[in-house]
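# Notes for the structure review
Now for the letters of each chain:
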Amino acid sequence: MLSLIFSAALAAQTTAPLAVVKEQLTIEFAPRTPEQMASFYEARGFPETMRDILKKQCFITVGITNTSQQKIWLNLADWKFSVNGQAIKREHREQWKQRWQAMDIPLRYQSTFRWTLIPETLDYLPGEHEGGNLVLPFSKGKITLDATFATGDNKQGEPIHIHYDQLYCAEDAQ
Amino acid sequence: MKSHILKAAQGLAMLSALLLILLSGGAVAKESALPFGIREYDIGQAPNFELADIDGEMFNLESTRGRWVFLHFWASWCGPCREEMPTIQALSENIDEDKLHFVLVNAAEDEDTIFKFLGIVAPNLTSMMDMDGQITEIWKPRGLPTTFLIDPEGRVRYQAVGGRDWHEKVYTEFIKSLLTY
């Protein structure tokens, strides 16, 4: 959960950020190239077997700010991704955990990887900013995101719907 | 019958008094009155752990009973951690250590990384090394950095997520207000 991980190393290499600005929240997206992510994880000592898998993924750093006066709830299960109308399946952090365990990856790297992910669920207080990396299967073309956020202390408020069709997977420079 | 009613009334009065004491005796701060980014977080007793610091000294969380604890989870790759750490050092230099114990826990990095980072960013602080990240997993901070404030009885009371300037007056005064209890 790198809620907050906008690491200096990554920030320095960021491509132009994309954003959704609504009255109640702002979501910023920064697609990361495979080379950026490989460098980040290599610098943290991640084994090559792990990096080889990560290099093939699509990393997008997401930062969400609650600009409303009520609580907003993130639940990645309510985020749907598609390319040309075809759904893209995002792997849950538990699936990543199982994969690393099956590969016998040292716990410290498993842990660091998890910290760099955006939380599956999180409540945002007014003014709060949190984020992390979203990991999708790599795909060409624009990615469409349809997301819903519950609002209010008991999630009983008016939900916020997001439709954004400008996401993409960053590629290494040729 | 009359005596039963009297006993019941006395019991009720005692219960009310006890509740009042409990409510006023703890580190009570209403969520709305808390400084930005600090939440009430009453999860009960703090899960204990034992870790070595960067000098190899073993530390056990339970050894801090009787003092408030500033338990801070961080990593060198986390941008806000880098910004926040010097402010933690500044706070620690302005707080009575007999009342507030600062415990930093690095999440899953090696000794060299921690040593270099602190040497540059906050040379007066030391950190525990959660080298395999499993203590951090147990504590489940919402993100990095995250700070938990634990009361002298070992009960987790507050959580502060994300970086902030702990040396700012609003945070310093909040911390000092806890220590008066």
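Residues numbered from 1 in each chain as written. Chains lettered and ligands numbered in written order. Predicted model: local features only at pLDDT ≥ 70, side-chain atom pairs only at ≥ 80, totals over all residues. Heavy atoms only, no water.

## Structural notes on the overall build of chain B
Helix and strand counts for chain B come out as 5 helices and 8 strands. Reading the helices (α) and strands (β) of chain B from amino to carboxyl end gives α-β-β-β-β-α-β-α-β-α-β-β-α. Within the span of chain B, comprising 181 residues, buried residues form 50% of the whole. When contacts within chain B are restricted to residue pairs at least 6 apart in sequence, long-range pairs at least 24 apart make up 70% of them. Summing over all exposed atoms, chain B offers an accessible surface of approximately 9,100 Å²; the carbon and sulfur share of this is 57%. (Helix = DSSP H or I, 4+ residues; strand = E, 2+ residues; numbered from the N terminus. Buried < 20%, exposed > 50% of the residue type's maximum accessible area, 1.4 Å probe, protein only. Contact = heavy atoms within 4.5 Å. Areas by Shrake-Rupley, 256 points an atom, 1.4 Å probe, with all protein chains shown as cover.)

## Points about the sheet that holds strand β3 (residues 57-66) of chain A
Residue and element names in this part refer to chain A. As summarised here, the arrangement of the 4 strands in space is β1-β2-β3-β8, forming an open sheet in which the pairing is antiparallel. For this open sheet the edge positions go to β1 (18-21) and β8 (129-137), each flanked by a neighbour on one side alone. The sheet shows a mean angle of 20 degrees between the axes of neighbouring strands, direction not considered. By the bridge criterion, 8 bridges tie strand β2 (residues 25-32) to β3 in an arrangement that is antiparallel. By the bridge assignment for β3, glutamate 28 is matched with glycine 63. (Pairing = 2+ DSSP bridges. Axes fitted to C-alpha atoms, helices over the stretch in contact; angles between N-to-C directions.)

## Quick word on a negative patch on the surface
Together, Asp55, Glu57, Glu111 and Asp112 of chain B give the surface a local cluster of negative charge. With respect to the helices, strands and loops of the structure, glutamate 57 of chain B is situated in the loop between β2 (50-52) and β3 (58-60). (Patch = residues over 30% accessible without salt bridge, like charges linked within 9 Å, V, L, I, M, F, W, Y side chains within 5 Å. Salt bridge = Lys/Arg side-chain N within 4 Å of Asp/Glu carboxyl O. Lys, Arg positive; Asp, Glu negative; His and termini not counted. Charge placed at Lys NZ, Arg CZ, Asp CG, Glu CD.)

## Looking at the pairing of β8 of chain A
Residues and elements named next belong to chain A. Extensive coverage of β8 is indicated by the burial of 7 of its 9 residues. Where β3 lies against β8, 9 bridges are found, and the strand directions are antiparallel. Residue pairing across strands places phenylalanine 59 opposite valine 135, the latter belonging to β8.

## Some remarks on the confidence of the model for chain A
Considering every residue of chain A, the mean pLDDT works out to 91; 90% of them sit at 70 or more. pLDDT under 50 marks residues 1-14 of chain A. Its contacts with residues more than four places away, or in other chains, come to 61 contacts. (pLDDT = per-residue confidence, 0-100.)

## Quick notes on the interface of chain A and chain B
Contacts between the two partners involve 26 residues from chain A, matched on the other side by 24 residues from chain B. Between chain A and chain B the total buried area reaches about 1,900 Å² when both faces are included, carbon and sulfur atoms providing 55% of it. Here chain A and chain B share 5 salt bridges between them. For arginine 142 of chain B, the salt bridge is made with aspartate 123 of chain A, and the minimal N-O distance between the two is 2.6 Å. For the pair chain A and chain B, the number of links is 7 residue pairs in polar contact (both at pLDDT 80 or more). Counting residues per element, the side of chain A that touches chain B draws most heavily on helix α5 (residues 107-115) of chain A, which supplies 6 residues. (Buried area = accessible area lost by both parts, 1.4 Å probe. Polar contact = N/O pair within 3.5 Å; in protein donor to acceptor, adjacent residues only side chain to side chain.)

## Describing the state of the cysteines
This model, assessed by the stated rule, comprises 2 disulfides over all chains. In this model, cysteine 58 of chain A is linked to cysteine 169 of chain A through a disulfide, with the two sulfur atoms separated by 2.2 Å. Judged by the torsion about the S-S bond (-105 degrees), the cysteine 58 of chain A/cysteine 169 of chain A disulfide is left-handed. Placement of cysteine 58 of chain A in strand β3 and of cysteine 169 of chain A in the segment after β10 (160-167) is noted, with a sequence separation of 111 residues between them. Across the disulfide from cysteine 78 of chain B sits cysteine 81 of chain B; the S-S distance is 2.2 Å. Classification of the bridge connecting cysteine 78 of chain B and cysteine 81 of chain B rests on its S-S torsion, roughly 90 degrees, and on that basis the disulfide is right-handed. The burial state of cysteine 78 of chain B is the same as that of cysteine 81 of chain B; both residues are buried. (Disulfide = S-S within 2.5 Å.)

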